[in-house]
Amino acid sequence: MSVIHRLPDLLVNQIAAGEVVERPASVLKEVLENAVDAGSRAIEVQLEQGGVRRIRVADDGCGIDRDDLALALERHATSKIATLDDLERVATMGFRGEALAAIAAVARTTITSRAAGASHAWRIDGSDRSLAPAALNNGTVVDVADLYFNTPARRKFLKSEGTEFAHCDEMFRRVALARPDLALQLSHNARVIHRLPPGTPLARVGALMGDDFVTHAREVEAESGALRLTGLASLPAYSRASRDAQYFFVNGRFVRDKLLTHAVRQAYADILHGARHPAYVLFLSIDPAGVDVNVHPAKIEVRFRDARAVHQFVFHALTRALAESGAAAAGTPAP
Ligand code: ADP
Ligand code: MG
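Residues numbered from 1 in each chain as written. Chains lettered and ligands numbered in written order. Predicted model: local features only at pLDDT ≥ 70, side-chain atom pairs only at ≥ 80, totals over all residues.

A. Spotlight on the overall build of the chain. Helix and strand content of the chain: eleven helices and 15 strands. In summary, the chain has a C-alpha radius of gyration of 21 Å against a globular reference of 20 Å for 335 residues, a match within 12%. Its C-alpha atoms give the chain principal-axis dimensions of roughly 70 × 50 × 45 Å. Taken across its 335 residues, the chain has 35% of its residues classed as buried. The contacts of the chain with a sequence gap of at least 6 include a subset with a gap of at least 24, amounting to 67%. (Helix = DSSP H or I, 4+ residues; strand = E, 2+ residues; numbered from the N terminus. Rg over C-alpha atoms; globule rule 2.2 N^0.38 Å. Buried ≥ 20, exposed ≤ 12 C-beta atoms within 10 Å, placed from the backbone. Contact = placed C-beta atoms within 7 Å.)

B. Structural view of the nonpolar core. Counting residues in hydrophobic clusters, the biggest one holds 86 residues, and the most contacted among them are Leu28, Ala102, Ile103, Leu282 and Val314. Those residues in contact with Leu28, other than ones at most four positions away along the chain, are Val45, Gly51, Ile55, Cys168, Met171 and Phe172. (Core = buried A, V, L, I, M, F, W, Y, C linked by C-beta atoms within 7 Å.)

C. Spotlight on the pairing of strand E2 (residues 54–59). On E2, burial follows the alternation: Ile55, Val57 and Asp59 on one face are buried, whereas Arg54, Arg56 and Ala58 on the facing-out side are not. Where strand E1 (residues 42–48) and E2 come together, six bridges link them in antiparallel fashion. Its bridge partner being in E2, Val45 is matched across the sheet by Val57. Here E1 folds back onto E2 in antiparallel fashion, the turn holding five residues, of which Gln49 has a positive phi close to 50 degrees. (Pairing = 2+ DSSP bridges.)

D. Quick peek at the sheet that holds strand E11 (residues 246–250). Ordered in space as E9-E10-E13-E11-E12, the five strands form an open sheet in which the pairing is mixed. Looking at which strands have only one partner, the edges of the open sheet turn out to be strand E9 (217–224) and strand E12 (253–254). Across two bridges, E11 lies against E12 in antiparallel orientation. Of the residues in E12, the one forming a bridge with Val250 is Arg253. Running over the sheet, helix H11 (residues 307–323) touches E9, strand E10 (227–234) and strand E13 (280–285) and is turned about 140 degrees from E9. (Axes fitted to C-alpha atoms, helices over the stretch in contact; angles between N-to-C directions.)

E. Looking closely at unusual backbone geometry. In this structure, Gln49 is a non-glycine residue whose phi angle is positive, near 50 degrees. On the basis of neighbour count, Gln49 is assigned to the partly exposed category, with 15 C-beta atoms found within 10 Å. One non-glycine residue with positive phi stands out, namely His76, at about 60 degrees. Among the secondary structure elements, His76 is positioned in the loop between helix H3 (66–72) and helix H4 (84–88).

F. Layout of the site of ligand 1. Near ligand 1 lie 22 residues; those nearest to it are Asn34, Ala38, Thr78, Ser79 and Gly94. The set of elements that each furnish at least two residues to the shell around ligand 1 consists of helix H2 (24–37) and helix H5 (99–106). In terms of residue class, the shell around ligand 1 is made up of nine nonpolar, eight polar and five charged. (Near = placed C-beta within 6 Å. Nonpolar A, V, L, I, M, F, W, Y, C, P; charged D, E, K, R; others polar.)

G. Looking closely at the packing of helix H1 (residues 9–20) against H5. Packing of H1 against H5 leaves a shortest axis separation of 8 Å and a crossing angle of 105 degrees. Judged by the inter-axis angle, H1 sits roughly perpendicular to H5. Across from Leu10, Asn13, Gln14, Ala16, Ala17 and Val20 in H1, the residues of H5 making contact are Ala99, Ala101, Ala102, Ala105 and Val106. Looking at the contact of H1 with H5, its residues break down into nine nonpolar, two polar and no charged. (Parallel < 35°, antiparallel > 145°, perpendicular 65-115°, else oblique.)

H. Seen up close, the environment of Ile193. Along the polypeptide, Ile193 turns up in strand E8 (residues 191–196). As for Ile193 and Gln46, which are separated by 147 residues in sequence, their C-alpha atoms are 9.9 Å apart. With sequence-adjacent residues up to four places away left out, Ile193 is seen in contact with Asp169, Leu186, Ser187 and His188.

I. Broad picture of the sheet that holds E1. Spatial strand order, E5-E4-E3-E6-E2-E1-E7-E8: eight strands in an open sheet with mixed pairing. The open sheet has two edge strands, strand E5 (131–134) and E8, and neither has a second partner. Geometrically, the sheet is characterised by an average inter-axis angle of 15 degrees between neighbouring strands, direction not taken into account. With four bridges joining them, strand E3 (residues 108–114) and strand E4 (residues 121–125) adopt antiparallel strand pairing. From the neighbouring strand, Thr110 faces E4, where its bridge partner is Asp125. Contacting E1, strand E7 (183–188) and E8, helix H7 (residues 161–178) crosses the sheet at an angle of about 15 degrees to E8.

J. Spatial organisation of helix H8 (residues 201–209). Among all positions of H8, only Arg204, Val205 and Met209 are buried. In an axial view of H8, the angular spread of the buried residues amounts to 105 degrees, which keeps them on one side of the axis. Buried residues along H8 sit in contact with H7, E8, helix H9 (211–215), E10 and E13. Immediately beyond the C-terminal end of H8, within one or two residues, lies Gly210, with a positive phi of roughly 95 degrees. (Arc of directions from axis to C-beta.)

K. Representation of the pairing of E1 within the structure. Across six bridges, the pairing between E1 and E7 is parallel. Paired with Ala42 across the two strands is Ala183, which belongs to E7.

L. Highlighting H5. For H5, the tally of buried residues reaches eight of eight residues, placing the bulk of the element in the interior. Within H5, the full set of buried residues consists of Ala99, Leu100, Ala101, Ala102, Ile103, Ala104, Ala105 and Val106. Where H5 is buried, its residues meet H1, H2, H3, E3, strand E6 (139–145) and helix H6 (152–155).

Given below as structure tokens:
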């Protein structure tokens, strides 16, 4: 007797959502990154009740064609890669084509979008994939409401509104630090939390990390072959009791990587003692072919082809920046 059967699409997507949609902040990450990939100049995020009740992201990017709206909600459907070659040098934040399908399987999701050149916008309802004409000047609005309304087992793992909001805020900060060229706004329960005009990387870091950090940090700027490291790293005077102010980006993507963390810790080994932690915002750029970002669905881990070279480069670049005398640091008095 045959006992194996194919699972229905909705259930497949709900299972996949376990990996992609851990909490409201992971929805925000995916939807924000889609807005960034769409070439937006301005993105506005509205959250309600820590993002559990609602996450709404409006952008002014390229929009989605009427005939693509249903596909955008399909699993493994993407406009970002087509071949293995594309995957190996991917420059967009997304490429797996699974986020919207997973999100729509566990929350009430609608997408309203107006593709460039279209006479008006269209809205698709994620629950039945129905399409209707809609009003929107440009870009896309993704509305994700009532997260886990149909998966109570997952809903139980949600934390308090304050905690879920804090995770969303952190996710927003990562995108905002990576893209100072974009106008970004975040509000929570109708209160504006961040309103960030487009500007220089330094201005953006100051707005999000505080001027105190900028004053007590060294500017990092190093290059070797295809590797480039820029950003700000705190002087020992600004060290912190926790690791809450450590941001490392690889090709614009926030990552948490043992190798990079180790290189940074080593660079601080002689100047920072005890249980103190440095604060930093560092951007590594590297040939996309030299790093694999397809390690985990959330893409927070990466794998370097030449890990040793990356480690040494980051260690030396930071060591040098931290050792340089006062002049290089904005506003830091010489010792
Ligand atoms: P991925 O980002 O990996 O391609 P997603 O499920 O996140 O997969 O999105 C599916 C597709 O929907 C994208 O490839 C893109 O073409 C389209 N899309 C999603 N969000 C937007 C947006 N804000 N603006 C324009 N296109 C979008
Ligand atoms: Mg995506």
